[in-house]
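# Understanding the architecture of this molecule
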Amino acid sequence: MKISSLLSVSSILLASTLSLNAASSLVQEAKNAGLAPLPKNQKEVEKILKDMGVKFSPFTEEKAELGKQLYFEPRLSKSGLISCNTCHNLGLGGADGISAAVGHKWTANPHHLNSPTVYNSVLNATQFWDGRAGSLADQAKGPIEAEPEMATPAKLAVEKIASLPEYVEDFKKVYGRSGVTFDNIADAIATFERTLLTPSRFDKFMEGDENALSKAEKEGLKLFMDKGCTACHSGVNLGGTMQAFQVAGQYKFANLGDFKGDANGMVKTPTLRNVTETAPYFHNGAFWSLTDAIKEMGSIQLGISISDKEAKSIATFLESLQGTKPQVVYPQLPASTEKTPKPEL
């Protein structure tokens, strides 16, 4: 073999080695920044929940299947028209695609709050924008009873579900003698929501597949970390914890709605998983452009200016977080009976 050919082969091998080392280094940097791949099964989910101190009940397929029916059950609303899937549409990235959620009697959320995605929500350390619920089961109760949402008092919700013999039998199989209770309704819904995990190419990359991300996506990930975005968007969900808001500047649309966070002004950081599918952004849904939202975050949270080019690079990385959705077949629901409370419009 000619010397020139040997040099060419050596150069290719060296470039390949350097590329692999750079990718491995980036994976380690991401891990050091607190980023992590999704859990692969419910045992791994429970380990994460335990580490975060989040309450959960034992998982069973039967409970998740019951929860799926209830997730799509419009009779849990006073009108008989609204289900969990109305605002957390599994075909629309787990959200509703509008700025402020709309509920009972076509009522917009009185605080002008945007519906967060339900996908991967089990991996949030806290639920609701103000973090008032510590678990998915606690969260599930809120919208059912809230007047501007599903508007169904707990007692009425139980009466509706208990009027349907198929549900009564299923609750007996899953929960034993306790049967249909409001706590069990919420627990079943939360158990179904635990299955809504969306593994992505980013997860493959974090697990060691250096080729799972493109060069541009790796550059965007590097910039995402270098700019300091992982100060809030970290962990397995790249968000989901309570963080201070408007740290370095005032949010451009702070006066849209009256939401100010919890008692300490803290706001739940939304997950960035599937973020390219969940516009509009921020708690009040004021930004429809992902790159504009990125630049706004740089200004108000980090006190830095993020250029259009940099925002586009970060957005390119965020595209790698679009995951594979679990196949969910719309359930056939039990027929109403003479005992089923009539809808109230």
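Residues numbered from 1 in each chain as written. Predicted model: local features only at pLDDT ≥ 70, side-chain atom pairs only at ≥ 80, totals over all residues. Heavy atoms only, no water.

### Some remarks on the UniProt feature "domain: Cytochrome c" (unreviewed entry) in the protein
Per the UniProt record, "domain: Cytochrome c" (unreviewed entry) is annotated on residues 62–172 and 215–322. Strand forms 4% of residues 62–172 and helix 37%; the C-alpha atoms that close the span are 11 Å apart. In the segment residues 215–322, helix accounts for 34% and strand for 6%; the C-alpha atoms at its two ends are 17 Å apart. (UniProt positions renumbered as here; feature names shortened; annotations may be inferred. Helix = DSSP H or I, 4+ residues; strand = E, 2+ residues; numbered from the N terminus.)

### Concerning the pattern of salt bridges
Using the criterion set out here, one finds 17 salt bridges in the structure. When the shortest N-O distance is used, the salt bridge between Lys 55 and Asp 138 registers 3.7 Å. You can see Lys 55 sitting in the loop between helix H2 (42–52) and helix H3 (61–71) and its partner Asp 138 sitting in helix H5 (residues 136–145), a full 83 residues away along the chain. Note on Lys 55: relative accessible area 59%, which makes it exposed. Taking the relative accessible area as the measure of exposure, Asp 138 reaches 30% and is therefore partly exposed. Between Lys 63 and Asp 187 there is a salt bridge whose closest N-O contact spans 3.3 Å. Separated by 124 residues along the polypeptide, Lys 63 in helix H3 and Asp 187 in helix H8 (residues 182–193) bring together distant segments of the chain. Sharing partners across several salt bridges, the network here consists of Glu 29, Lys 222 and Asp 226. (Salt bridge = Lys/Arg side-chain N within 4 Å of Asp/Glu carboxyl O. Buried < 20%, exposed > 50% of the residue type's maximum accessible area, 1.4 Å probe, protein only.)

### Quick look at the packing of aromatic side chains
Applying the stated criterion to the full structure yields twelve aromatic pairs. Taking 5.8 Å as the distance between ring centres and 25° as the angle between the ring planes, the aromatic pair formed by Phe 171 and Tyr 175 counts as stacked. Of this pair, Phe 171 and Tyr 175 both sit in helix H7 (residues 165–175), four residues apart, which is roughly one turn of that helix. With a centroid separation of 5.7 Å and 70° between ring planes, the pair formed by Phe 202 and Phe 317 is classed as edge-to-face. With Phe 202 in helix H9 (residues 201–206) and Phe 317 in helix H12 (residues 308–319), this residue pair connects regions lying 115 residues apart in the sequence. Comparing Phe 202 with Phe 317 shows no difference in burial state: the two are buried. We note Lys 268 situated over the ring of Trp 129; from NZ or CZ to the ring centre the distance is 5.7 Å. Over the ring of Tyr 119 we find Lys 325; its NZ or CZ atom is 5.8 Å from the centre of that ring. (Phe/Tyr/Trp six-rings, centres within 6.5 Å; stacked < 30°, edge-to-face > 60°. Lys NZ or Arg CZ within 6 Å of the ring centre and 35° of its normal.)

### Concerning the packing of H5 against H8
Orientation of H5 relative to H8, taken along the N-to-C sense of each, is 115°, at an axis distance of 8 Å. The handedness of the crossing between H5 and H8 is right-handed. Listed contacts from H8 to Leu 136, Ala 137, Ala 140, Lys 141, Ile 144 and Glu 145 of H5 are Phe 182, Asp 183, Ala 186, Asp 187, Ile 189, Ala 190 and Glu 193. For the contact of H5 with H8, a count of residues per class yields eight nonpolar, no polar and five charged. (Axes fitted to C-alpha atoms, helices over the stretch in contact; angles between N-to-C directions. Left-handed = near helix turned anticlockwise from the far one by under 90°. Contact = heavy atoms within 4.5 Å. Nonpolar A, V, L, I, M, F, W, Y, C, P; charged D, E, K, R; others polar.)

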